[in-house]
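Survey of secondary and tertiary structure
Letter by letter, the chains look like this.
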Amino acid sequence: MKWEGRRKSDNVEDRRGKGGAGKIAAGGGIIGIIAFLLVTFGGETGQAVGTVLNQVNQQQTTTTESVETRQLSNHEIEIGEFTKVVFADTEDIFARLFQENGLEYRKPKMVLFDDQVETACGTGTAAAGPFYCPGDEKVYMDLRFFEELRTKFGAKGGDFAIAYVIAHEVGHHIQHLVGTNSKVRQLQQRSSKTEGNKLSVAQELQADFYAGVWAHHNQKYLDADDIEEAISAAQAVGDDAIQSKMQGYVQPETFTHGTSKQRVEWFMRGFKTGDLKQGDTFSEMN
């Protein structure tokens, strides 16, 4: 993606390398797997990040570990600057699309962090992957997640994989602004677990669609292989792909984010149409 020399968002807070003290739970790998399967790529369910980790942490032996401030590498600094440009692009594009649809876009914020972070939705950790918290309208990202996405889950990598995830999380902010998240939560409260999972899948696929819409309107800055990088990332985080890697088999009734095929299809539908109104994933899930 062409990003050097372009506008950077003022709504990105970089907390990486700041140090501090935190509680490290014994058996963190297990916690990471649980959190990853439940809340990878966030959404209104991003609130579950804090809930899940806090509940499990209470049952684990913890030790307090002092974390010293560290200096960011040149690569980390560059990636941080890249995310600010991507976030600025989401601000510009979605503000314009909202205005065209008679709506007002309220800009979210993004926090870059290492290891764990306090949010209005509870304590989030790097193990949970990127997520959006509606309580404070912020996207939270530990950028080291993308190396794991490449090495552990087979994504191609590249800067546009990061851009896709940022746009996906901003898609959850859009759902928050237009009331989709609250409607889903209300429906889930009176639905069975299976039906609730289907609602979650529709919600996540719609965020993928919004990411595709953003990419459509940002094409002048895309490189030739950017969409391929986004597709590879979407395939890597499909429920079926994750479950196959983690447990060797899939359980469709437990899906909460959609299959690899569904995630790619909805991202590409958004990319091809560029129309926010074409993303009714909920009707098509029935």
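Treat the numbers as computed from the prediction; the structure is a model and nothing was measured.

1. Some remarks on the state of the cysteines
Summed over all chains, the structure comprises 1 disulfide. One disulfide in the model links Cys121 with Cys133; its S-S distance is 2.1 Å. In this structure, the disulfide formed by Cys121 and Cys133 twists by about 90° around the S-S bond and is classed as right-handed. Residue Cys121 is located in the loop between strand E5 (116–119) and strand E6 (122–125), and its partner Cys133 is located in strand E7 (residues 131–133); the two are separated by 12 residues in the primary sequence. Residue Cys121 shares its accessibility class with Cys133, and that shared class is buried.

2. With respect to the confidence of the model for the protein
Residues at a pLDDT of 70 or more form 82% of the protein, whose mean pLDDT is 84. Low pLDDT, under 50, characterises residues 20–66; the predicted model gives this stretch 103 contacts beyond four residues in sequence or across chains.

3. Quick word on the pattern of salt bridges
Summed over all chains, the structure comprises 19 salt bridges. Note that Asp89 is salt-bridged to Arg6, the shortest N-O span being 2.4 Å. With a gap of 83 residues between them, Asp89 in helix H3 (residues 74–100) and Arg6 in the segment before strand E1 (12–14) connect regions that are remote in the sequence. The exposure classification of Asp89 matches that of Arg6, with both residues buried. For Arg70, the salt bridge is made with Glu76, and the minimal N-O distance between the two is 2.9 Å. Three or more residues are tied together by salt bridges with common partners; here these are Arg70, Glu76, Asp114, Asp115, Asp142 and Arg144.

4. Some thoughts on the sheet that holds E7
Reading across the sheet, the 4 strands line up as E1-E4-E8-E7 and stay open at both edges, with mixed pairing between neighbours. Each edge of the open sheet is held by one strand with a lone partner, namely E1 and E7. Strand-to-strand twist across the sheet, computed as the mean angle between neighbouring axes with direction ignored, equals 20°. Pairing geometry for E1 and strand E4 (residues 109–112), over 3 bridges, is parallel. Paired with Glu13 across the bridge in E4 is Val111. Strand contacts of H3: E1, E4 and strand E8 (138–141), with the helix running at about 165° to E4, the strand carrying the most contacts. Against the sheet, helix H5 (residues 159–178) contacts E4, E7 and E8, and its axis sits at roughly 25° relative to E7.

5. Quick notes on the side chain of Asp208
Relative to the assigned elements, Asp208 resides in helix H7 (residues 193–216). A polar contact of 2.7 Å, which involves the side chain of Asp208, links it to the side chain of Tyr164. The residues contacting Asp208, other than those within four sequence positions of it, are Tyr164, His168, Arg263, Trp266 and Phe267.

6. Here we look at the packing of H5 against H7
Close contact between H5 and H7 brings their axes to 7 Å; oriented N to C, the two are set at 120°. The pairing of H5 with H7 is recorded here as oblique in orientation. Here H5 runs over H7; the crossing is right-handed. Counted together, Phe160, Ala163, Tyr164, Ala167, His168, Gly171, His172, Ile174 and Gln175 of H5 and Gln203, Glu204, Gln206, Ala207, Asp208, Tyr210, Ala211, Trp214 and Ala215 of H7 form the full contact between these two elements. Considered class by class, the residues forming the contact of H5 with H7 number 10 nonpolar, 6 polar and 2 charged.

Basis of the calculations
- One numbering rule holds for all chains: residues counted from 1, following each sequence as written.
- Residues qualify for local features only when their pLDDT is at least 70, as the model is predicted, and side-chain atom pairs are given and counted only at 80 or more; totals for whole chains, interfaces and linings, by contrast, use all residues.
- Neither water nor hydrogens contribute to the side-chain values; these are computed over all heavy atoms in the structure.
- Disulfides are defined as cysteine sulfur pairs within 2.5 Å.
- Helix and strand definitions follow DSSP, with helices as H or I runs of at least four residues and strands as E runs of at least two, each counted in order from the N terminus.
- Remark: exposure states derive from per-residue accessible area (1.4 Å probe, protein chains only) relative to the maximum for the residue type, with buried under 20%, exposed over 50%, and partly exposed in between.
- pLDDT is defined as a per-residue confidence score from the predictor, taking values between 0 and 100.
- We call two residues contacting when some pair of their heavy atoms lies within 4.5 Å.
- What makes a salt bridge here is a side-chain nitrogen of Lys or Arg within 4 Å of a carboxyl oxygen of Asp or Glu, nothing more.
- Here the rule is simple: two strands pair whenever DSSP picks up at least two bridges between them.
- Note on method: axes are straight lines fitted to C-alpha atoms, helices fitted across the in-contact stretch only, with angles between N-to-C directions ranging 0 to 180 degrees.
- Within 3.5 Å is the distance limit for a polar contact, defined as a pair of N or O atoms, with the added protein rule that one can donate a hydrogen and the other accept it, and that residues adjacent in sequence qualify only through two side-chain atoms.
- Throughout, the term roughly parallel applies to angles under 35 degrees, roughly antiparallel to angles over 145, roughly perpendicular to angles from 65 to 115, and oblique to all others.
- Here a crossing is called left-handed whenever its near helix is offset anticlockwise from the far helix by less than a right angle, and right-handed whenever the offset is clockwise.
- Gly is placed with the polar residues, together with every amino acid not listed as nonpolar (Ala, Val, Leu, Ile, Met, Phe, Trp, Tyr, Cys and Pro) or charged (Asp, Glu, Lys and Arg).

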